[in-house]
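Next come the chains, spelled out residue by residue.
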Amino acid sequence: MPWKLRYFRDLDTGEEPARGWLDSLKGRDEVKRLAAIAALQCVLKVHGTDVCETEWGKNLGSALYEFRIRHPAGAIQRMFPPTRAIRRLLGNAPDDDKNANVLLRIFFTTYGAGIILLLSGYDKGRDPSSARQRAEIKKAREMADGAQSGLRARIRDERKRMNSRR
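Here is a short report on the structure shown in this document. (Residues numbered from 1 in each chain as written. Predicted model: local features only at pLDDT ≥ 70, side-chain atom pairs only at ≥ 80, totals over all residues. Heavy atoms only, no water.)

## Description of the layout of surface pockets
Turning to step 1, where the next piece is worked out: Of the volumes computed, that of the largest pocket is approximately 350 Å³.
Turning to step 2, where the next piece is worked out: Taken together, 14 residues line the largest pocket, and the ones lying closest to its centre are Phe 8, Arg 9, Asp 10, Leu 11 and Ala 147.
Turning to step 3, where the next piece is worked out: A class-by-class count of the residues in the lining of the largest pocket yields seven nonpolar, two polar and five charged. (1 Å grid on protein atoms, 1.4 Å probe; cavity = no way out; pocket = protein on both sides within 12 Å on 5 of 7 lines; lining within 4 Å. Points joined across faces, edges and corners; volume = space filled by probe spheres on them. Nonpolar A, V, L, I, M, F, W, Y, C, P; charged D, E, K, R; others polar.)

## Comments concerning the pattern of salt bridges
Where charged atoms from two side chains of opposite charge approach closely, those side chains can pair.
Turning to step 1, where the next piece is worked out: Tallying each qualifying case throughout the model produces 12 salt bridges.
Turning to step 2, where the next piece is worked out: In this structure, Glu 66 and Arg 105 form a salt bridge, with 3.8 Å as the shortest nitrogen-oxygen distance. Placement of the pair is Glu 66 in strand β3 (residues 64–69) and Arg 105 in strand β4 (residues 104–110), with a sequence separation of 39 residues. Note on accessibility: Glu 66 and Arg 105 belong to one class, buried.
Turning to step 3, where the next piece is worked out: One salt bridge in this structure joins Lys 139 and Glu 136, with 3.2 Å as the shortest N-O distance. (Salt bridge = Lys/Arg side-chain N within 4 Å of Asp/Glu carboxyl O. Helix = DSSP H or I, 4+ residues; strand = E, 2+ residues; numbered from the N terminus. Buried < 20%, exposed > 50% of the residue type's maximum accessible area, 1.4 Å probe, protein only.)

## Here we look at the side chain of Glu 66
Turning to step 1, where the next piece is worked out: Judged by relative accessible area, Glu 66 falls into the buried class, the value being 1%.
Turning to step 2, where the next piece is worked out: One polar contact links Glu 66 to Arg 68, side chain to side chain, over a distance of 2.8 Å.
Turning to step 3, where the next piece is worked out: Excluding residues within four positions of it along the chain, Glu 66 makes contact with Trp 56, Gly 57, Lys 58, Leu 60, Arg 105, Ile 106, Phe 107, Phe 108 and Gln 133. (Polar contact = N/O pair within 3.5 Å; in protein donor to acceptor, adjacent residues only side chain to side chain. Contact = heavy atoms within 4.5 Å.)

## Focus: the side chain of Asp 29
Turning to step 1, where the next piece is worked out: Considering the arrangement of structural elements, one finds Asp 29 in the loop between α1 (17–24) and α2 (30–47).
Turning to step 2, where the next piece is worked out: Looking at Asp 29, the relative accessible area reads 9%, which means it is buried.
Turning to step 3, where the next piece is worked out: Within polar-contact distance, the side chain of Asp 29 engages the side chain of Arg 126 at 2.8 Å.

## A look at the nonpolar core
Turning to step 1, where the next piece is worked out: Ranked by size, the top nonpolar core spans 31 residues in total, and within it Leu 44, Phe 67, Ile 69 and Leu 118 carry the most contacts.
Turning to step 2, where the next piece is worked out: Those elements that provide at least two residues to this core are α1, α2, β3, α3 (73–79), β4 and β5 (115–123).
Turning to step 3, where the next piece is worked out: A total of 10 residues in this core trace back to one element, the largest contributor, which is α2.
Turning to step 4, where the next piece is worked out: Apart from residues lying up to four places away in sequence, Phe 67 is in contact with Ala 39, Leu 40, Val 43, Leu 44, Val 51, Trp 56, Leu 104, Arg 105, Ile 106 and Phe 108. (Core = buried A, V, L, I, M, F, W, Y, C linked by side-chain atoms within 4.5 Å.)

## Some thoughts on α2
Turning to step 1, where the next piece is worked out: Compared with an ideal rise of 1.5 Å per residue, which puts 18 residues at 26 Å, α2 spans 25 Å between its outermost C-alpha atoms and is within 8% of the ideal.
Turning to step 2, where the next piece is worked out: The largest bend along α2 measures about 35 degrees and falls at Leu 40.
Turning to step 3, where the next piece is worked out: Within α2, 13 of the 18 residues are buried, which leaves the element mostly enclosed by the surrounding structure.
Turning to step 4, where the next piece is worked out: Among the residues trailing α2, Gly 48 stands out with phi positive, at a value near 55 degrees. (Expected span 1.5 Å × (residues − 1). Bend = angle between axes of the 7 residues up to and from the residue.)

## Some remarks on the pairing of strand β2 (residues 57–61)
Turning to step 1, where the next piece is worked out: Two elements, β2 and β3, share four bridges in a ladder whose sense is antiparallel. Following the sheet pairing, Gly 61 is matched in β3 by Leu 64.
Turning to step 2, where the next piece is worked out: With antiparallel pairing between neighbouring strands as the criterion, β2 and β3 make up a hairpin whose turn holds two residues, including Ser 62 at a positive phi of roughly 55 degrees. (Pairing = 2+ DSSP bridges.)

Quick look at the structure:
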């Protein structure tokens, strides 16, 4: 059963950092955006947290995961033949861009049964420094902690409502 991909939304600002980052990959970075979409749909949505058992992911602990994208969209489509819906989503993704340096990271957490919450992302190829990576992980961990706290509160509220109905 495929996982459901959702975007983390900051309740104070209404921003969705992962979606905003993906949408910002335009122009000469379009090949990276297409690679991210292909990988999210063909790999993360299918395998969920099990991607951490492969080259595609890393468990960072405390319910925070890193999704690693290292291939252009065309290569991903050849590795994982896409469904008709994914082909429609990707449009005319190039077969392969030999010059594309794709090295993206997307941070995620789980949010209940079968739901992956996409937190944020960055282009590690543009800034491979360990300082940037630590800063991105710290920011993602704060989002994951907030999402997990919110989920626990929601579950508590639902249980209270169910108990009060009895």
